[in-house]
Amino acid sequence: MNKTCEQVWEKCLNIIRDIVEWQPFKTWFEPIKAVQLENNVLTIQVPSQFFYEYLEEHYVGLLGKTIKRELGKEARLEYRIVVENGTPHQHPKTVNMPTQFTKHQKDSEVDFPLTIQNPVKNPFVIPGIKRVQIDSQLNHNYTFESFIEGDCNRVARRAGKTVSDKPGGTSFNPLVIYGGVGLGKTHLAQAIGNEVKRQSPNKAVLYVSAEKFINQFIDHSKNNIINDFIHFYQLIDVLIVDDIQFFARAEKSQDAFFAIFNHIHQSGKQLILTSDKPPKDLDGLQERLLSRFRWGLSADMQIPDFETRMEILEMKMRNDGLEMPKEVVKYVAYNIQSNVRELEGALISLLAQSSLNRKDIDLELAKRVLKSFVKTSSKEITIESIQKMVCEYFDVPYDKLLQKTRKREIVQARQITMYLAKSFTKNSLKTIGEHFGGRDHTTVIHSCQTVKDLMDTDNSFRDSVIELQQKVQLAAM
Ligand code: ADP
Ligand code: MG
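Note that the structure is predicted; figures quoted are calculated from it, not measured.

Conventions we followed
Residues numbered from 1 in each chain as written. Chains lettered and ligands numbered in written order. Predicted model: local features only at pLDDT ≥ 70, side-chain atom pairs only at ≥ 80, totals over all residues. Heavy atoms only, no water. Near = heavy atom within 4 Å. Polar contact = N/O pair within 3.5 Å; in protein donor to acceptor, adjacent residues only side chain to side chain. Areas by Shrake-Rupley, 256 points an atom, 1.4 Å probe, with all protein chains shown as cover. Nonpolar A, V, L, I, M, F, W, Y, C, P; charged D, E, K, R; others polar. Domains from an automatic or database assignment. Core = buried A, V, L, I, M, F, W, Y, C linked by side-chain atoms within 4.5 Å. Buried < 20%, exposed > 50% of the residue type's maximum accessible area, 1.4 Å probe, protein only. Helix = DSSP H or I, 4+ residues; strand = E, 2+ residues; numbered from the N terminus. Contact = heavy atoms within 4.5 Å. UniProt positions renumbered as here; feature names shortened; annotations may be inferred. Salt bridge = Lys/Arg side-chain N within 4 Å of Asp/Glu carboxyl O. Expected span 1.5 Å × (residues − 1). Axes fitted to C-alpha atoms, helices over the stretch in contact; angles between N-to-C directions. Parallel < 35°, antiparallel > 145°, perpendicular 65-115°, else oblique. Left-handed = near helix turned anticlockwise from the far one by under 90°. Arc of directions from axis to C-beta.

## Observations concerning the site of ligand 1
Logical step 1: Around ligand 1 sit 19 residues in total, of which Gly182, Lys185, Thr186, His187 and Glu344 are the nearest.
Logical step 2: At 2.8 Å, a side-chain N or O of Glu344 approaches an oxygen atom of ligand 1.
Logical step 3: Look at ligand 1: alone it shows 570 Å² of surface, and the protein chains cover 93% of it.
Logical step 4: Across the shell around ligand 1, the residue classes break down as 8 nonpolar, 7 polar and 4 charged.
Logical step 5: Both domains that meet at the shell around ligand 1, namely domain 2 (154–301) and domain 3 (306–372), each give it at least three residues.

## Looking at the nonpolar core
Generally speaking, nonpolar side chains in soluble globular proteins are found buried as a group.
Logical step 1: Ranked by internal contacts, the top residues of the largest apolar core, which has 33 residues, are Tyr233, Leu239, Val241, Phe247, Phe257 and Phe293.
Logical step 2: For this core, the secondary structure elements donating two or more residues are strand S6 (205–209), helix H8 (210–222), helix H9 (226–234), strand S7 (238–242), helix H10 (251–266), strand S8 (270–275) and helix H11 (287–293).
Logical step 3: Those residues in contact with Phe257, other than ones at most four positions away along the chain, are Phe213, Val241, Phe247, Leu273, Leu289 and Phe293.
Logical step 4: In this structure, Leu13, Ile16, Phe51 and Leu77 belong to the second largest nonpolar core, which totals 31 residues.

## Here we look at the UniProt feature "binding site: ATP" (unreviewed entry) in the protein chain
Logical step 1: UniProt tags Gly182, Gly184, Lys185 and Thr186 as "binding site: ATP" (unreviewed entry).
Logical step 2: Of note, Gly182 is situated in the loop between strand S5 (175–178) and helix H7 (185–199).
Logical step 3: Judged by its relative accessible area of 9%, Gly182 falls in the buried class.
Logical step 4: Look past the residues within four positions of Gly182 in its chain and what remains in contact with it is Asn339, Val340 and Arg341.
Logical step 5: For Thr186, the location among the structural elements is in helix H7.
Logical step 6: Excluding residues that lie within four positions of it along the chain, Thr186 makes contacts with Tyr142, Tyr207 and Asp242.

## Describing the pattern of salt bridges
Logical step 1: Inspection of every chain in the model, using the stated rule, returns 18 salt bridges.
Logical step 2: Residue Arg158 pairs with Glu149 through a salt bridge whose shortest N-O separation is 2.8 Å.
Logical step 3: Linked by salt bridges that have partners in common, Glu149, Asp151, Arg154, Arg157 and Arg158 make up one network.

## With respect to the domain arrangement of the protein chain
Logical step 1: Splitting the protein chain by domain gives domain 1 (5–109), domain 2 (154–301), domain 3 (306–372) and domain 4 (383–476).
Logical step 2: Centre-to-centre separation of domain 2 and domain 4, based on C-alpha positions: 34 Å.

## Examining helix H14 (residues 340–356)
Logical step 1: A rise of 1.5 Å per residue sets the reference length of H14, with its 17 residues, at 24 Å; its end C-alpha atoms lie 24 Å apart and thus fit the reference within 8%.
Logical step 2: Residues of H14 that are buried: Val340, Leu343, Ala346, Leu347, Ser349, Leu350, Leu351, Ala352, Gln353, Ser354 and Ser355.
Logical step 3: Where H14 is buried, its residues contact helix H2 (22–29), helix H3 (49–58), helix H12 (306–319), helix H13 (326–335) and helix H15 (363–370).
Logical step 4: One side-chain oxygen at the N-terminal end of H14 lies 2.8 Å from the backbone nitrogen of Arg341; it belongs to Asn339.
Logical step 5: Backbone geometry just after H14 places Arg358 at a positive phi near 50°.

## Concerning the packing of H14 against H15
Angle between the axes and distance between the axes: these two values describe a pair of packed helices.
Logical step 1: Packing of H14 against H15 leaves a shortest axis separation of 10 Å and a crossing angle of 120°. When the axes of H14 and H15 are compared, the pair comes out oblique. Seen along the crossing, H14 lies across H15 with a hand that is right-handed. Residues Ala346, Ser349, Leu350, Gln353 and Ser354 of H14 form the contact with H15, whose own contacting residues are Leu365, Ala366, Val369 and Leu370.
Logical step 2: In terms of residue class, the contact of H14 with H15 is built from 6 nonpolar, 3 polar and no charged.

## Quick notes on H13
Logical step 1: Taken together, the buried positions of H13 are occupied by Val328, Val329, Val332 and Ala333. Down the axis of H13, the buried set is contained in an arc of 130°. They therefore lie on one face.
Logical step 2: Against the buried residues of H13 lie H12, H14 and H15.

## Digging into the packing of helix H1 (residues 5–19) against helix H4 (residues 60–71)
Logical step 1: At their nearest, the axes of H1 and H4 sit 10 Å apart, and the two run at 130° to each other. One finds that H1 runs oblique with respect to H4. Here the hand of the crossing between H1 and H4 comes out right-handed. For the pair formed by H1 and H4, the contact residues are Val8, Trp9, Lys11, Cys12, Ile15, Ile16 and Ile19 on the first element and Leu62, Leu63, Thr66, Ile67, Arg69, Glu70 and Leu71 on the second.
Logical step 2: Looking at the contact of H1 with H4 residue by residue, the classes come out as 10 nonpolar, 1 polar and 3 charged.

Quick look at the structure:
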C-alpha cells in the first residue's frame, strides 16, 4: 500500500523529534504540514517565507536525510509557502519553492548516523600540505565586532584581543576561556582566530572541538598513522581547542594532545582552549596537562547582567534588520537570565511566532512566547538530577554510571537512567547520550528498549523502575 504524505511526514517527525531539542522542534517543525507526495517528491507547507529561509539555513541537511531515509535515495523535498492566510471558504494562497538540499547533496553524504552540523572536513587528506592551505574551520560570523563586552566577559575579551594582535607573543599562552554553556566561549575563541587571519592571512589557524580531535585521533590510531596526525597539528600557528572537558578519560588522546601542546608552545605559537569549568576542576585530565594550562592565563565568562543582555539583543536585531518595541526588548532581557544562547533562542522564537501569526511583535506576544522559556513554579527535572537519584537508589558511584563498565548492575542502572531521562526531560536522545560519557543516540534508543522489554519479563526489575519513576515525579513537584 502506498503511504500518504501525512504518514511519511509523521515518521520523519519521529526521527527529527529525537535529534532536535524540544524548543526548536516546537518552533520550527510542529507548524509544518505535509501536503503532497507525488513521484517521490514530498511537499511540505510552511507558514511563511521566514520559516522557509530559516529551515533552509539550519535544517536542510536534516530534512533531506530524514526524507531520504523514509522514501529512498531518489526522494526529493519541496516547500509550499503560505503567502496569504486562507478563510474558512478559501484555501490559503501559496507558492512552491525548491530546496538546496537535493541539488548539493551527494548520495555518499546521506549516511546515518544523523548529525545536524556538517561534518568538519578532515584536514589531513591534502597531500604535501602547505600551512596556508589549512582550512581554519572557523565560523566567520564569530568576530570581536559581534561580541558585546560587559563585566561578565571583560577580562576574557581583552585577553583575547591582546592574543590576536600578537599570537604566541604574550604571556597569555595558553589562553584558557572557561564558563557555563551558552556564555560565548566558542564565539570568543573563534573571534580570536578570525582576527589573527584578518591581520595575517598566511598564519595557519585551526579551530577544532576536543570531541573532534579525539575522534580524529581514534581514526588515525586505528590506521597506525598517529605520527601524521601529530605532525599535522604541529604545523599550526594558532590552535584553538574547544571544550577540553571532553578530554576527560580519553587517555591516549591526552597523550597526543600533550605532545602537540608542547611543540606549539615551545615554538612560540599560540594555544587557545575553552572549558566548561576552571582548569583546576577538570577531573580526568592528566596533571601534566593541567600544570601546563597554568602557564598561561585562565579567564572566566559569567552570565551577562541586564544591561549587557539588552545590548546583545539590540545588536542581534540591528544585524538582522529587525525592530520591536523597547518594552519588549526589556521584557526579554529581564526574563531570560540563564545565558546568551537562550536569549537568542527567545528572540528567534518571537520572530517565528510573529511571522506564523502575521502579527507584529508586542508585549502580549512576548509574554506568551516566553512562557515556555521562563521557568514555571514546578521544578525542572534535569538529566543530572535523575542520574543522582538512580545512583543513590542502586548505590552506584556516579562516575561508574558514565564509564564503559560492563558489570550488570551498573549497565542496568545506566539503562534505567537513560530511560527515565527520556521520559521525564525534554532532552533529545543525542543530548542524553552526551551526558553518559559521550555515547551516541543509538545507545540511548537501545537502552530504552531494553528497559521496556525487561519491565515486561522481570517483576522485581519493574518494581524498581516504577519506584524510581515515582521518586522522579515527586522531585518535580
Ligand atoms: P558557549 O561556547 O560558551 O557555550 P557560544 O559561544 O556558543 O557559547 O555562544 C552562544 C551564542 O551566544 C552564540 O550565538 C554567540 O554568538 C552568542 N553570544 C555569546 N556571548 C555573546 C556576546 N557577549 N555578544 C554577542 N553574542 C554573544
Ligand atoms: Mg561552545
